[in-house]
Number of protein chains: 2
Amino acid sequence: MPVRPDYIRPLDFKSGRIDMSHGAGGRAAAQLIDELFLRAFDNPWLRQGNDQAAFEAPPELAQGGRLVMSTDGHVVSPLFFPGGDLGCLCVHGTINDVAMAGARPLYLAASFIIEEGLPLSTLRDVVSSMARASREAGVPIVTGDTKVVEQGKGDGLFITTTGVGVVPPGVRIDGAAARPGDVVLVSGTLGEHGVAVLSQRESLAFDTTIRSDTAALHTLVADLLAAAGAGVRVLRDPTRGGLATTLNEIARQSGVGMHIDEAAVPVLPDVEAACELLGLDPLYVANEGKLVAVCAPDVADAALAALRSHPLGAAAARIGVVTEDPHHFVQMTTRFGGRRIVDWLTGEPLPRIC
Amino acid sequence: MPVRPDYIRPLDFKSGRIDMSHGAGGRAAAQLIDELFLRAFDNPWLRQGNDQAAFEAPPELAQGGRLVMSTDGHVVSPLFFPGGDLGCLCVHGTINDVAMAGARPLYLAASFIIEEGLPLSTLRDVVSSMARASREAGVPIVTGDTKVVEQGKGDGLFITTTGVGVVPPGVRIDGAAARPGDVVLVSGTLGEHGVAVLSQRESLAFDTTIRSDTAALHTLVADLLAAAGAGVRVLRDPTRGGLATTLNEIARQSGVGMHIDEAAVPVLPDVEAACELLGLDPLYVANEGKLVAVCAPDVADAALAALRSHPLGAAAARIGVVTEDPHHFVQMTTRFGGRRIVDWLTGEPLPRIC
């Protein structure tokens, strides 16, 4: 049980702001931890007040399971956007990266880099959203760190989250495991996250009803693995760079080609329209609640059915096949029956989308 | 084996700079990973090219060991200082936080938040230093992430490192475990890191021969535990806020007081002089290669001997005792025989020291 020092007055969440002392490791930092982070994330590991969290080994390890670790910096701008905010995004993003190994996510660590002058109310809102996302996913934030940089040396708030998880015995998901003949599935419609964030940019502000798809996908992955087992070869979430980049990454890692059918790729009409307005291709726009699954052909139907019976996979679709291709090209049959190469994202159409 | 896309030309480490495309997740990001991070950190986990690293469970877990996780954002300014730089600091800092649980550090994750315009040569120098520190410590960097923010929205480079480790069975180090009568040890002289960084600040630049003490302490911890076993109750590295803040944290967590003897606290004469010049108290100045150990009285001599026989603990000293104190005060007998309270750090004497 930590013993509270007698702070002169509680943090002023109405009109207070972050100052350099909140990052200096002294009394102000301890107060911020007590009155904001500990209350929001409340769990036994954090309450211990150590510089690290210790926990028992998960039972899967005794049966030959493996551990998995993933980290992601989150610098999305603006901090709040339709359907989400930096807080839930940084929880979902890291849970998903852990889950894409076929793992059960166990714990999260969070590192905050805060710009001096950030309203305490903004920080509290982001932290509350993180806490909610973490509770809903059942993956606690067990350790963390806070640094403060001078005004003009940051941009409000950056959060790096790191997750650990356990891969059940027998599961071997790997970006290098795709084979010619495999089937490519996506778990739903593409491009909502990117468009929702862009709709809020000062220089681009436009009206849209599109909301970010940000969501934790670990239960969807668990259902998929239960249905399709070792037939699931690759899982990856098409975030920055979108579906096109993710498919190119997998093709390169596995040393294969891919052939996608544009008409089969699910995109909401509003996203299609917004992308036309912005001069973007939805295939390159970021998602935060979708996955690409490459499956053996004999489990593809079962895999698709498992995705579709989960609320986060209702619009799942079979979009293409893995091919033999020494150039590792991703090719696409367009809606008009033509064929084109879907290249890597080049340049920077969508900075700070996550 | 990742298949390299045919980049038009290799990265220009001589005069090139980071631009927004390096953070967009497309071809430029993939090239940065291939030609910088993969080459520097080279290990089988990174080479897999997945968004996460999977590894076998360490053998200690089968005997009842526990896992431990710690994260730290590093925003030190300037990036290079006498005795170190952001790169080795972010490796040592997180290894130390993991080691302070009595753990064997296993793996690191690294998340880079880079300001647009950072010279590629600067990034390469920092990354080389990280790679060297990681290799020397035997703790590989197995997964990572890179984001780029616009010029003026960051400050060159921030790196968050997260470590996982394994606590051997039977080891139960905890900030709440100090008991009245226990002995307080430090592993060496205090204040070098903070003074070394401050000596490089534009507004403060002064000549000094003081070098940062940045170092990985996991082998020192292993030697200490081998000598003093379960008699080691608390370990903590006195970073931000210095020894004074660390002792106050432990006193608060354990619900005890402490009594320190100023004459026994080792401080180099040059650090003493620099602190006088800067108006600082060395007790509040950050260290990056020192630890505080609270030990049961019957193992204190063995613990001190173990620290002193390790190269990183040669100047270790017994500096005080744990007392019963309902106010959880840290008190100090000064060199002149007086007694004063060593309070928490308040305010912000040393921003961005780590």
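Up top you'll find the structure we're talking about.
As the structure is a computational prediction, the values presented were derived from the model and not from experiment. (Residues numbered from 1 in each chain as written. Chains lettered and ligands numbered in written order. Predicted model: local features only at pLDDT ≥ 70, side-chain atom pairs only at ≥ 80, totals over all residues. Heavy atoms only, no water.)

Chemist: What is the right way to look at the overall build of chain A in this model?
Modeler: Secondary structure summary: chain A contains 9 helices and 14 strands in total. At 21 Å, chain A has a C-alpha radius of gyration in line with the 20 Å of a compact globule built from 354 residues. Looking at the 354 residues of chain A, the share that counts as buried comes to 65%. Roughly 12700 Å² of accessible area belongs to chain A as shown, and the carbon and sulfur atoms make up 51% of that amount. Taken together, the 29 basic and 41 acidic charged side chains of chain A have centroids lying 3 Å from each other. (Helix = DSSP H or I, 4+ residues; strand = E, 2+ residues; numbered from the N terminus. Rg over C-alpha atoms; globule rule 2.2 N^0.38 Å. Buried < 20%, exposed > 50% of the residue type's maximum accessible area, 1.4 Å probe, protein only. Areas by Shrake-Rupley, 256 points an atom, 1.4 Å probe, with all protein chains shown as cover. Lys, Arg positive; Asp, Glu negative; His and termini not counted. Charge placed at Lys NZ, Arg CZ, Asp CG, Glu CD.)

Chemist: Sorry if this is basic, but what is going on with the pairing of strand E10 (residues 257–261) of chain B here?
Modeler: One face of the sheet, then the other: side chains in a regular strand alternate in exactly this way. Residues and elements named next belong to chain B. In terms of residue burial, E10 counts as a mostly covered element, since 4 of its 5 residues are buried. Taken together, the 4 bridges between E10 and strand E12 (residues 317–323) define a ladder with antiparallel strand orientation. Of the residues in E12, the one forming a bridge with His 259 is Val 321. Direction of pairing for E10 relative to strand E13 (residues 330–333): parallel, over a ladder of 4 bridges. Paired with His 259 across the two strands is Gln 331, which belongs to E13. (Pairing = 2+ DSSP bridges.)

Chemist: Help me out: how do you make sense of the sheet that holds strand E10 (residues 257–261) of chain A in this one?
Modeler: Residue and element names in this part refer to chain A. Across the sheet, which stays open at both edges, the 7 strands sit in the order E9-E11-E8-E12-E10-E13-E14 with mixed pairing between neighbours. Each having just a single partner strand, strand E9 (232–236) and strand E14 (339–341) make up the two edges of the open sheet. Each strand of the sheet is rotated relative to its neighbour by a mean of 25 degrees, with strand direction disregarded. On the sheet, helix H6 (residues 218–228) packs against E9 and strand E11 (292–295) and is oriented at approximately 170 degrees with respect to E9. (Axes fitted to C-alpha atoms, helices over the stretch in contact; angles between N-to-C directions. Contact = heavy atoms within 4.5 Å.)

Chemist: Would you take a moment to explain the interface of chain A and chain B for this structure?
Modeler: Accessible area lost on assembly of the parts is the figure often given for the size of an interface. Listed by partner, the interface residues are 85 residues for chain A and 85 residues for chain B. The contact between chain A and chain B buries some 6800 Å² in all, and 55% of this surface belongs to carbon and sulfur atoms. The largest contributions to the chain A side of the interface with chain B come from Met69(A), Arg240(A) and Arg252(A), which together make up 12% of the buried area. At the surface where chain A touches chain B, the tally comes to 14 salt bridges. Here Lys153(B) and Asp155(A) are joined by a salt bridge, their closest N and O atoms 3.9 Å apart. One can count 45 residue pairs in polar contact (both at pLDDT 80 or more) joining chain A with chain B. (Buried area = accessible area lost by both parts, 1.4 Å probe. Salt bridge = Lys/Arg side-chain N within 4 Å of Asp/Glu carboxyl O. Polar contact = N/O pair within 3.5 Å; in protein donor to acceptor, adjacent residues only side chain to side chain.)

Chemist: Would you explain the pattern of salt bridges in this entry?
Modeler: Oppositely charged side chains may form a pair once their charged atoms are brought near each other. Evaluated as defined, the whole model comprises 38 salt bridges over all chains. Between Arg335(B) and Glu272(B) there is a salt bridge whose closest N-O contact spans 3.5 Å. Here Glu272(B) lies in helix H8 (residues 269–278) and Arg335(B) lies in the loop between E13 and strand E14 (339–341), a separation of 63 residues in the sequence. The exposure class assigned to Arg335(B) is partly exposed, which follows from its relative accessible area of 47%. The salt bridge involving Arg340(B) is made with Asp281(B); its shortest N-O contact spans 3.2 Å. Highlighted residues: Arg340(B) in strand E14 and Asp281(B) in the loop between H8 and strand E11 (292–295), separated in sequence by 59 residues. Three or more residues are tied together by salt bridges with common partners; here these are Asp72(A), Arg240(A), Asp145(B) and Lys147(B).

Chemist: How do you make sense of the state of the cysteines when you look at a structure like this?
Modeler: Note on terminology: disulfide describes a covalent bond linking the sulfur atoms of two cysteines. Tallied over the full model, the rule gives 0 disulfides over all chains. With no disulfide of its own, Cys275(A) has Cys354(A) as its nearest cysteine by sulfur position, at a separation of 16 Å. (Disulfide = S-S within 2.5 Å.)

Chemist: How should I be thinking about helix H7 (residues 242–254) of chain A in this particular structure?
Modeler: Residue and element names in this part refer to chain A. Its 13 residues place the ends of H7 19 Å apart at the C-alpha level, agreeing with the 18 Å of an ideal helix rising 1.5 Å per residue. Burial analysis of H7 places 12 of its 13 residues in the buried class, the great majority of the element. For H7, the set of buried residues is Gly 242, Leu 243, Ala 244, Thr 245, Thr 246, Leu 247, Asn 248, Ile 250, Ala 251, Arg 252, Gln 253 and Ser 254. After H7 finishes, the residue Gly 255 shows a positive phi value of roughly 70 degrees. (Expected span 1.5 Å × (residues − 1).)

Chemist: Before we go on, may I ask you to explain the pairing of strand E13 (residues 330–333) of chain A in this structure?
Modeler: All names here are of chain A. The alternating pattern of E13 places Val 330 and Met 332 on a buried face, while none of Gln 331 and Thr 333, on the opposite face, is buried. By the bridge criterion, 3 bridges tie E13 to E14 in an arrangement that is antiparallel. Paired with Met 332 across the strands is Arg 340, a residue of E14. Between the antiparallel neighbours E13 and E14 lie 5 residues, among them Gly 337 with a positive phi of about 90 degrees.

Chemist: What's the story with the side chain of Ser212(A) in this structure? I'm lost.
Modeler: Residue and element names in this part refer to chain A. Within the fold, Ser 212 resides in the loop between helix H5 (192–198) and H6. Classification of Ser 212 by relative accessible area gives buried; the value is 9%. A distance of 2.8 Å separates the side chain of Ser 212 from the side chain of His 193, its partner in a polar contact.

Chemist: Just checking my understanding: could you explain the nonpolar core for this structure?
Modeler: Inside soluble globular proteins, nonpolar side chains tend to come together where they are buried. Among the nonpolar cores identified, the biggest contains 80 residues, and Phe41(A), Phe112(A), Leu123(A), Met130(A), Leu157(A) and Leu243(A) are the most heavily contacted of them. Excluding residues that lie within four positions of it along the chain, Phe112(A) makes contacts with Phe37(A), Phe41(A), Leu123(A), Val127(A), Met130(A), Asp145(A), Thr146(A), Lys147(A), Leu157(A), Phe158(A) and Ile159(A). Formed by 53 residues, the second largest nonpolar core is a distinct cluster that contains Ile18(B), Met20(B), Cys88(B) and Val91(B). (Core = buried A, V, L, I, M, F, W, Y, C linked by side-chain atoms within 4.5 Å.)

Chemist: What am I meant to see in the packing of helix H3 (residues 86–99) of chain A against helix H4 (residues 120–137) of chain A here?
Modeler: Pairs of packed helices are described in terms of their axes, by the angle between the two and the distance that separates them. Residue and element names in this part refer to chain A. Axis separation between H3 and H4 bottoms out at 6 Å; the angle between their running directions is 35 degrees. At the point where H3 passes H4, the crossing takes the right-handed sense. Here H3 contributes Leu 86, Gly 87, Cys 88, Cys 90, Val 91, His 92 and Ile 95 to the contact with H4, which in turn contributes Val 126, Ser 129, Met 130, Ala 133, Ser 134 and Ala 137. Per-class residue counts for the contact of H3 with H4 are 9 nonpolar, 4 polar and no charged. (Left-handed = near helix turned anticlockwise from the far one by under 90°. Nonpolar A, V, L, I, M, F, W, Y, C, P; charged D, E, K, R; others polar.)

Chemist: Would you mind going over the relation of the copies chain A and chain B with me for this structure?
Modeler: Look at the two chain copies: a rotation about an axis and a shift along it is all it takes to match them. When chain A is fitted onto chain B, the two copies agree to an RMSD of 0.0 Å after a turn of 180 degrees and an axial shift of 0.0 Å. The operation mapping one copy onto its partner corresponds to a two-fold rotation axis. Scanning chain A for the C-alpha nearest the rotation axis identifies Gly154(A), at a separation of 2.1 Å. Comparing interface residues between copies, 100% of those in chain A also sit at the interface in chain B, which points to an isologous, same-surface contact. (Least-squares fit on C-alpha atoms with pLDDT ≥ 70 in both.)

Chemist: Explain the packing of aromatic side chains to me, please; I cannot follow it from the model alone.
Modeler: Residues and elements named next belong to chain A. Here the structure, examined in full by the defined rule, presents 9 aromatic pairs over all chains. Aromatic side chains Phe 37 and Phe 112 sit 4.6 Å apart centroid to centroid with 45 degrees between the ring planes, which places their arrangement in the tilted category. Taken together, the residues Phe 37 in helix H1 (residues 27–41) and Phe 112 in strand E5 (residues 104–115) connect sequence positions 75 residues apart. Note on accessibility: Phe 37 and Phe 112 belong to one class, buried. Every member of this aromatic cluster is reached through a ring pair, and the members are Phe 37, Phe 41 and Phe 112. (Phe/Tyr/Trp six-rings, centres within 6.5 Å; stacked < 30°, edge-to-face > 60°.)

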